[in-house]
Amino acid sequence: MNSLLNESDWRHELDWLDEQGDAMLQLVEKLANINSGTFCFDGLKIVESCLTHEFSKLGGDLSILESRPQSSINSAGKMEQRALGDILHISKRSATKKKILLCIHMDTVYSKEHPFQKCQWLENGYLNGPGVADAKGGLIVMLYALLAFEKSPLATNIGWEVLINPDEEIGSPGSVHLIDEIAQRCSAGLLFEPALPDGTLVSWRKGSGNFTFVAHGKAAHSGREFEKGRNAIVAMAKLMATIDQLNSTSEITYNVGNFQGGGALNVVPDLAIGRVNVRIKTVEQQNQVEQQFADLVSLANQSDGISLEMHGQFSSPPKPISPGVAELQLRIKKCAEILDQPISWRGTGGASDGNKFAAAGLPNIDTLGPRGGNIHSMDEYLIPESLAPSAKLVTLILLSFANEA
Ligand SMILES: [Zn+2]
């Protein structure tokens, strides 16, 4: 990175952000009080219109795009398609040579029926609420970092694209095609999943894959013609036990997470479904698992009267610390030094859209949102005083790109 920025290049923008903490917090609270669970389409619509209003202040080209439907295997073992919410996309100065991607999701893991629906203040001054950290806080940090950046005369040197998707919490099946497209047009990615409570950012991430196995056997009366039946549950149980045993042999984890099958007890069951989540650290491990599963399926298909299919894939490949990521880490460290913010890094087993952007060739840092914790639980909280500092760091990162363009 070129020697970064004179104080005159950032003082005005960052001072402005220092005054925005309350406004940022109000917006986070407003958004978190609207349920936008992945399949809560009316709530997603309200969040989308609120974001459309706020992000149009940036003056880019804003469009609302349709997601592709999610395909999954239903409890009858059949492929089923499910509609997903809309995607918000904004692009500014698309003709410039250097473009930065900024991305975060608007969906949460909390459905309309979930008991966790509204924000409340905790005694320690933290805000407890659905999605306050993951990732409504991140949406607002992204917005304010861009608002501050656009005040700078340096801004005209680079372009940016914002992607706000409605389906990250289920693995972004409806928006991954845009992730692939945008990755080709941009040179670095900033994503706004929450930072850890102490401000630590995520460096590498494991990859994640969901696999569904469907076993078909042959139904028969358990009293009259038991010998004519072929038990799909037993075949699936053996397969799941074999997959579970793979856990002891490597650092790859295999979680048998869901099992369905059977009905009346006097019927030999002819259908069973087993679902497995696998986490890997390297592409070699990914290849290894794919081979293991292919072998297990072909072995199971050799048993008399049983047919077994596998669906699914590694939708989030592993995200290692590539040279591009290391360069971004260094840039962020230098920007954080200007702000006197100490930065530390750690890896995690959790996947995010950062994995998908990385797999599509775009180096990115994906925890630039505010500090928070206990996400995906009713104890989820946001540390409100981290909102403005997080935005300041991102504005500086953007200015550093603009300064060398
Ligand atoms: Zn998230």
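Keep in mind that this is a model prediction, so the values were computed, not measured. (Residues numbered from 1 in each chain as written. Predicted model: local features only at pLDDT ≥ 70, side-chain atom pairs only at ≥ 80, totals over all residues. Heavy atoms only, no water.)

For the protein chain, the count of helices and strands is 10 helices and 18 strands. For 405 residues, the compact-globule estimate of 2.2 N^0.38 gives 22 Å, and the protein chain sits close to it at 24 Å. Here the protein chain, with 405 residues, has 52% of them falling under the buried criterion. Looking at the protein chain alone, contacts between residues at least 24 apart form 80% of all its contacts between residues at least 6 apart. When the accessible surface of the protein chain is totalled, it reaches about 17500 Å², and 50% of it is carbon and sulfur. Looking at charge distribution, the protein chain has the averaged site of its 35 positive side-chain charges lying 3 Å from that of its 47 negative ones. (Helix = DSSP H or I, 4+ residues; strand = E, 2+ residues; numbered from the N terminus. Rg over C-alpha atoms; globule rule 2.2 N^0.38 Å. Buried < 20%, exposed > 50% of the residue type's maximum accessible area, 1.4 Å probe, protein only. Contact = heavy atoms within 4.5 Å. Areas by Shrake-Rupley, 256 points an atom, 1.4 Å probe, with all protein chains shown as cover. Lys, Arg positive; Asp, Glu negative; His and termini not counted. Charge placed at Lys NZ, Arg CZ, Asp CG, Glu CD.)

Let us look at the nonpolar core. Most often, soluble globular proteins keep nonpolar side chains buried together rather than apart. Core analysis: the largest hydrophobic core is formed by 69 residues, its most contacted members being Met142 and Leu368. Not counting chain neighbours up to four residues away, the residues in contact with Met142 comprise Phe55, Leu102, Cys103, Ile104, Val162, Ile164 and Phe192. In terms of nonpolar packing, the next biggest core, distinct from the first, is built from 22 residues, Phe211, Ile280, Val289 and Ala300 among them. (Core = buried A, V, L, I, M, F, W, Y, C linked by side-chain atoms within 4.5 Å.)

Moving on: the environment of Phe116. Along the chain, the position of Phe116 falls in the loop between strand S5 (99-105) and strand S6 (120-121). What makes Phe116 buried here is its relative accessible area of 5%. Sequence-distant contacts of Phe116, defined by excluding residues within four places in its chain, comprise Tyr110, Asn128, Gly129, Pro130, Ser377, Met378 and Glu380.

What follows covers the layout of surface pockets. Space inside the second largest pocket adds up to approximately 270 Å³. Surrounding the second largest pocket, 18 residues form its lining, Gly199, Gln341, Pro342, Arg371 and Ser390 being those nearest its centre. Top element by residues in the lining of the second largest pocket is helix H10 (residues 387-404). It accounts for three residues. (1 Å grid on protein atoms, 1.4 Å probe; cavity = no way out; pocket = protein on both sides within 12 Å on 5 of 7 lines; lining within 4 Å. Points joined across faces, edges and corners; volume = space filled by probe spheres on them.)

Taken domain by domain, the protein chain consists of domain 1 (7-206 + 318-404) and domain 2 (207-316). Using only C-alpha atoms to locate each centre, domain 1 and domain 2 end up separated by 36 Å. Taken together, the contact between domain 1 and domain 2 spans 16 residues of the former and 19 residues of the latter. For the domain 1 face of the interface with domain 2, the top three residues by lost area are Ile73, Lys206 and Pro318, together amounting to 49%. If you look at where domain 1 meets domain 2, you find zero salt bridges. The interface formed by domain 1 and domain 2 includes three residue pairs in polar contact (both at pLDDT 80 or more). When contributions to the side of domain 1 that touches domain 2 are tallied by element, the ones reaching two or more residues are strand S10 (201-205) and helix H9 (353-359). Looking at side-chain class alone, the side of domain 1 that touches domain 2 contains six nonpolar, seven polar and three charged residues. (Domains from an automatic or database assignment. Buried area = accessible area lost by both parts, 1.4 Å probe. Salt bridge = Lys/Arg side-chain N within 4 Å of Asp/Glu carboxyl O. Polar contact = N/O pair within 3.5 Å; in protein donor to acceptor, adjacent residues only side chain to side chain. Nonpolar A, V, L, I, M, F, W, Y, C, P; charged D, E, K, R; others polar.)

A sheet is described by the order of its strands in space; here four strands give the open sequence S6-S7-S18-S17, paired in antiparallel fashion. Each edge of the sheet is formed by a strand with only one pairing partner; in this case those strands are S6 and strand S17 (372-373). By the bridge criterion, two bridges tie S17 to strand S18 (residues 381-382) in an arrangement that is antiparallel. The residue bridging Gly373 from the neighbouring strand is Tyr381, located in S18. (Pairing = 2+ DSSP bridges.)

Bringing the sheet that holds strand S16 (residues 364-365) into the picture now. The strand order S1-S4-S8-S5-S9-S16 describes an open sheet built from six strands, whose pairing is mixed. What marks the edges here is a single partner per strand, and that holds for strand S1 (61-65) and S16. Pairing of S5 with strand S9 (residues 188-191) involves four bridges; the strand directions are parallel. For Leu102, the partnering residue across the bridge sits in S9 and is Leu190. Where H10 meets the sheet, its contacts fall on S5 and S9, and the angle it forms with S9 comes to roughly 170°. (Axes fitted to C-alpha atoms, helices over the stretch in contact; angles between N-to-C directions.)

On inspection of all chains with the given rule, the structure shows eight aromatic pairs. Aromatic side chains Tyr110 and Phe116 sit 5.0 Å apart centroid to centroid with 85° between the ring planes, which places their arrangement in the edge-to-face category. Accessibility assignment for this pair places Tyr110 and Phe116 in one class, buried. Site record: aromatic cluster; members linked through ring pairs are Phe211, Phe213, Tyr254, Phe293 and Phe314. One residue, Arg82, lies across the ring of Phe39, its end atom 3.6 Å from the ring centre. The positively charged end of Arg331 is found above the aromatic ring belonging to Phe401, 3.8 Å away from the centroid. (Phe/Tyr/Trp six-rings, centres within 6.5 Å; stacked < 30°, edge-to-face > 60°. Lys NZ or Arg CZ within 6 Å of the ring centre and 35° of its normal.)

Here we take up the pairing of S9. On any regular strand, side chains alternate: one points to one face of the sheet, the next to the other face. Taking every second residue as pointing to the same face, both faces of S9 are buried, with Ala188 and Leu190 on one and Gly189 and Leu191 on the other. Note: S9 against S16, two bridges, orientation parallel. Within the sheet, the bridge partner assigned to Gly189 lies in S16 and is Asn364.

Pairing between side chains of opposite charge can happen when the charged atoms of each approach one another. Scanning all chains against the criterion turns up 18 salt bridges. Here Arg11 and Glu7 are joined by a salt bridge, their closest N and O atoms 2.8 Å apart. On the criterion of helical spacing, the pair formed by Arg11 and Glu7 is a turn pair, its members being four residues apart in helix H1 (residues 7-18). Here Arg11 falls in the partly exposed class, since its relative accessible area comes to 35%. The class of Glu7 is partly exposed, set by a relative accessible area of 44%.

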